[in-house]
Every structure is written in C-alpha cells, then in structure tokens.
Amino acid sequence: MDKIETQIGGIEKIDEAVRLLHEGEVVVIPTETVYGLAANALNAKAVKKIFLAKGRPQDNPLIVHIEDANKAKMVAVDIPESAYLLWEEFSPGPLTIVLKKHPLVPYVTTAGLETVGIRIPNNELALETIRRSNLPLAAPSANISGRVSPTEARFVYDDMNGKIPLILDGGPCKVGIESTVLDLTKETPTILRPGAITEDMLSACLGKVVNHKGKVVRAASPGMKYAHYKPMCACFAAKTSDEAKELYNHFTNSLVIARQDFLDTCDVDNKIHLGETPEECMRNYFRILRENENIYDVIIIESFENEPQYLALQNRIAKATEKPDKI
Ligand code: AMP
Ligand code: MG
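Residues numbered from 1 in each chain as written. Chains lettered and ligands numbered in written order. Predicted model: local features only at pLDDT ≥ 70, side-chain atom pairs only at ≥ 80, totals over all residues. Heavy atoms only, no water.

Caption draft 1: Looking closely at the overall build of the protein. Along the protein, the regular secondary structure elements total 12 helices and 16 strands. What you see for the protein is a C-alpha radius of gyration of 19 Å, in line with the 20 Å of a compact globule of 327 residues. Seen through its C-alpha atoms, the protein measures out along the principal axes to roughly 55 × 50 × 35 Å. The buried share of the protein, reckoned over its 327 residues, is 56%. Intrachain contacts of the protein at a sequence separation of at least 6 include 67% that bridge at least 24 residues. A total of about 14,000 Å² of accessible surface is found on the protein, and carbon and sulfur atoms cover 51% of it. Within the protein, one finds 38 positive and 45 negative side-chain charges whose respective centroids are separated by 6 Å. (Helix = DSSP H or I, 4+ residues; strand = E, 2+ residues; numbered from the N terminus. Rg over C-alpha atoms; globule rule 2.2 N^0.38 Å. Buried < 20%, exposed > 50% of the residue type's maximum accessible area, 1.4 Å probe, protein only. Contact = heavy atoms within 4.5 Å. Areas by Shrake-Rupley, 256 points an atom, 1.4 Å probe, with all protein chains shown as cover. Lys, Arg positive; Asp, Glu negative; His and termini not counted. Charge placed at Lys NZ, Arg CZ, Asp CG, Glu CD.)

Quick look at the structure:
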C-alpha cells in the first residue's frame, strides 16, 4: 500500500471527507461507540480499502451507517415493522440491526452474507458526513484488526497513520464500546453482540429477545470468531482484589484496573480507577487499555462476571483476557 499523509480535522473538514468518500476513499468518522473507518458501502472497491487498512479478515462483515430510518430501504429489503419500532426508540444510538440485504449492497460489505447490519450513529459529525455525502457508509472500528477499538482520534492515528487520508476528530466517544448487534432475520430477534442497548431495553420494546451471551453467536455473526479487543500486553481478569494482588505480585510491571471498592482493598502500587457505573466503565475501558498497553507488561482487570448490568463490558474483558488457543 502506498504511504499517504493522514490529516486530522474537525467540522471544517466535512466537505473534504465527503469529497474523498465520493472518490471511493476511506475516511475515519467519530461515532458515539468507537471511531469508524468509513467508505461508500455500495462501492466494492472502496470497501476493499477498509479491509486492507485494517488487515481485517474478509469473512467479517461491516456495519452500514445511515442517517435515519427512511434511508434503510437503500441497503435492506423486507424490513419488518419491528425494525422501525426499534429505530423510533433507540436511534440515533448504539444499536445495529441485521436485516435482509438490498441487491445493490456488494458482498464485500456483508462478507458474503445475504444480510446487512445497519446503524444510525448518535454523533453529529458522523451524521452530517452521511447527510452531505448522501451515501450509506460501511464502517468497522478504526483499529488494526484484533487491536483495541479506538475511542479517541489519537488512538486512530496510532493505527492508521499513513494508510488513510483523513480522520475527523469528534473528541472522546461517549459510549466507548461497540454497538449492540440485533438480528431481525431470525424468527425471534437475536442479540449477536452485547452493547449499551441491553436485552431488557430491547425486550421492553419488542417482547421476546434471544440473547446468546456471545456463545452460539460465533456461527451466526462471523466476525465474532476472531480475536478482538486485544491489548499489546498480557491481560487477566480477577474476580476479587486478593486474586488481583496475587496475579500482580506473580508478574512484574503490572497494573490493576477496577472500580473504587476493588482498588481500595487491593494493596498494589499501580492501579487505575475504571469508573463506577456501567456507563462510566464502558466509556473509560478501551481508553485505559490503549493508554497503558505499552507501559505495562500485564494488565489485570476486575471481572464483572456475575453482574448482568455489565454484560457488554464483560464480553470485551473476556475477549481481552482470552488465551490464544485460537486466533
Ligand atoms: P465492528 O464494526 O468492527 O465492530 O464489527 C462489526 C461486527 O458486527 C461484525 O464483526 C459482526 O459480528 C457484526 N455484523 C455486522 N454485519 C453483520 C451481519 N450481516 N450479520 C451478522 N453480524 C453482523
Ligand atoms: Mg471492531
């Protein structure tokens, strides 16, 4: 790949972003979940550049970003009433809905699937870019494949400098982990990936929702089989502060990240407060990993295994701490 100069800019760069997108280039947009590596979802050549820049396996589908529910017909067919109910309730927001794909959406975008994941991001810079370009934008997280998702422009720059022409900087992401992915092509709506929109919120809107909690999902949602959200250093999850301290002392140059009560009872030198509420912890999690993965050799993270309100975060912690018996 030719090395290109990567610019970073704000709202003043939207017109340039739109021009680049129309030329079939890749541009980074901020969203409320994480930063996205965006290209025209209907242009197979442009979408291939996303895979190239990320080093993403080709059987991992991309989420298509649109500005409002009326545009869904550009990329999906047979859209059920339930999708409109969900968009009414949760959009713009961190919810991706999987529907039957429109014939104009190339298979490179959906990784060969007959379905397409659609999302309306809750970020003005992203929405304005979509509106002005009048294009559906395929956009996976703007990290090198397998690495921690970027929640600030500086982290995108670390991974994408020299590979793409422009990063739109919208400040730190407000949600901080990727969207909930809900499949509406199944008989019962099925959560393929947990996120900030929870099973309870979805079932309050739709009635019954199936949540595989990341287990059966591997087959249904191809991307889930790959290693994800992996920091550059080793990571462990600890259920108690005693367990964290034991791990900490076993290794050298370690760090513990956790809620305050956990830290208060964990007698170690290097510790960072993750947050208190699920929202705060989600918002800080990827940033703390990115800021510390090159400083420490081992990061020990509080485990939220038995706290359902932290399910989405625990899913990312499980991935970061997964041992490499598979890729
Ligand atoms: P990323 O944008 O990097 O967070 O990855 C998007 C993820 O959304 C993929 O890895 C899949 O797990 C999921 N996804 C996107 N499109 C589909 C689809 N058509 N069917 C099932 N899962 C999807
Ligand atoms: Mg990703």
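Once the structure has been displayed, the description carries forward.
Caption draft 2: Just the packing of helix α11 (residues 278-292) against helix α12 (residues 311-321), in detail. Packing of α11 against α12 brings their axes to within 10 Å, and their N-to-C directions diverge by 25°. By the angle between their directions, the pair α11 and α12 is classed as roughly parallel. Considering only the axes of α11 and α12, their crossing is left-handed. Between α11, through Cys281, Met282, Tyr285 and Phe286, and α12, the contact on the second element is made entirely by Ala312, Leu313, Arg316, Ile317 and Ala320. Split into classes, the residues belonging to the contact of α11 with α12 amount to eight nonpolar, no polar and one charged. (Axes fitted to C-alpha atoms, helices over the stretch in contact; angles between N-to-C directions. Parallel < 35°, antiparallel > 145°, perpendicular 65-115°, else oblique. Left-handed = near helix turned anticlockwise from the far one by under 90°. Nonpolar A, V, L, I, M, F, W, Y, C, P; charged D, E, K, R; others polar.)

Caption draft 3: Examining the side chain of Ser133 more closely. Mapped onto the elements, Ser133 comes out in helix α5 (residues 124-133). In terms of polar contacts, Ser133 uses its side chain to reach the backbone carbonyl oxygen of Thr129, at 2.9 Å. Aside from chain neighbours lying at most four places away, what touches Ser133 is Val18 and His22. (Polar contact = N/O pair within 3.5 Å; in protein donor to acceptor, adjacent residues only side chain to side chain.)

Caption draft 4: Layout of the pairing of strand β14 (residues 254-258). Burial analysis of β14 places five of its five residues in the buried class, which makes it a mostly covered element. Burial along β14 is two-sided: the face carrying Ser254, Val256 and Ala258 and the face carrying Leu255 and Ile257 are both buried. With four bridges joining them, β14 and strand β16 (residues 298-302) adopt parallel strand pairing. Counterpart to Ile257 in the pairing with β16 is Ile301. Pairing geometry for β14 and strand β15 (residues 271-273), over three bridges, is parallel. Among the inter-strand pairings, Ile257 is bridged to a residue of β15, identified as Ile272. (Pairing = 2+ DSSP bridges.)

Caption draft 5: Structural view of the packing of helix α6 (residues 153-160) against α11. Direction vectors running N to C along α6 and α11 enclose 50°, while the axes themselves pass 11 Å from each other. In terms of orientation, α6 and α11 fall into the oblique class. Seen from above, α6 lies across α11 with left-handed handedness. Note on element contacts: α11 touches α6 through Arg287, Arg290 and Glu291, opposite Arg154, Phe155, Asp158 and Asp159. In terms of residue class, the contact of α6 with α11 is made up of one nonpolar, no polar and six charged.

Caption draft 6: Focus on the packing of aromatic side chains. By the definition in use, this model includes four aromatic pairs. Judged by centre distance (5.3 Å) and plane angle (45°), the ring pair of Tyr285 and Phe286 falls under tilted. Pair check on accessibility: Tyr285 and Phe286 agree, each one buried. Sitting over the ring of Tyr107, Lys101 keeps its end group 4.3 Å from the ring centre. Its end group placed over the ring of Tyr310, Arg259 keeps NZ or CZ at 4.8 Å from the ring centre. (Phe/Tyr/Trp six-rings, centres within 6.5 Å; stacked < 30°, edge-to-face > 60°. Lys NZ or Arg CZ within 6 Å of the ring centre and 35° of its normal.)

Caption draft 7: Expanded view of the pattern of salt bridges. Considering all chains together, one arrives at 23 salt bridges under this definition. Here Lys239 ties to Glu305 by a salt bridge, and the two come within 3.8 Å at their closest N and O atoms. With Lys239 in the loop between β13 (234-238) and α9 (241-250) and Glu305 in the loop between β16 and α12, this residue pair connects regions lying 66 residues apart in the sequence. A single salt-bridge network, built from bridges that share partners, covers Asp15, Glu124, Glu128, Arg131 and Arg132. (Salt bridge = Lys/Arg side-chain N within 4 Å of Asp/Glu carboxyl O.)

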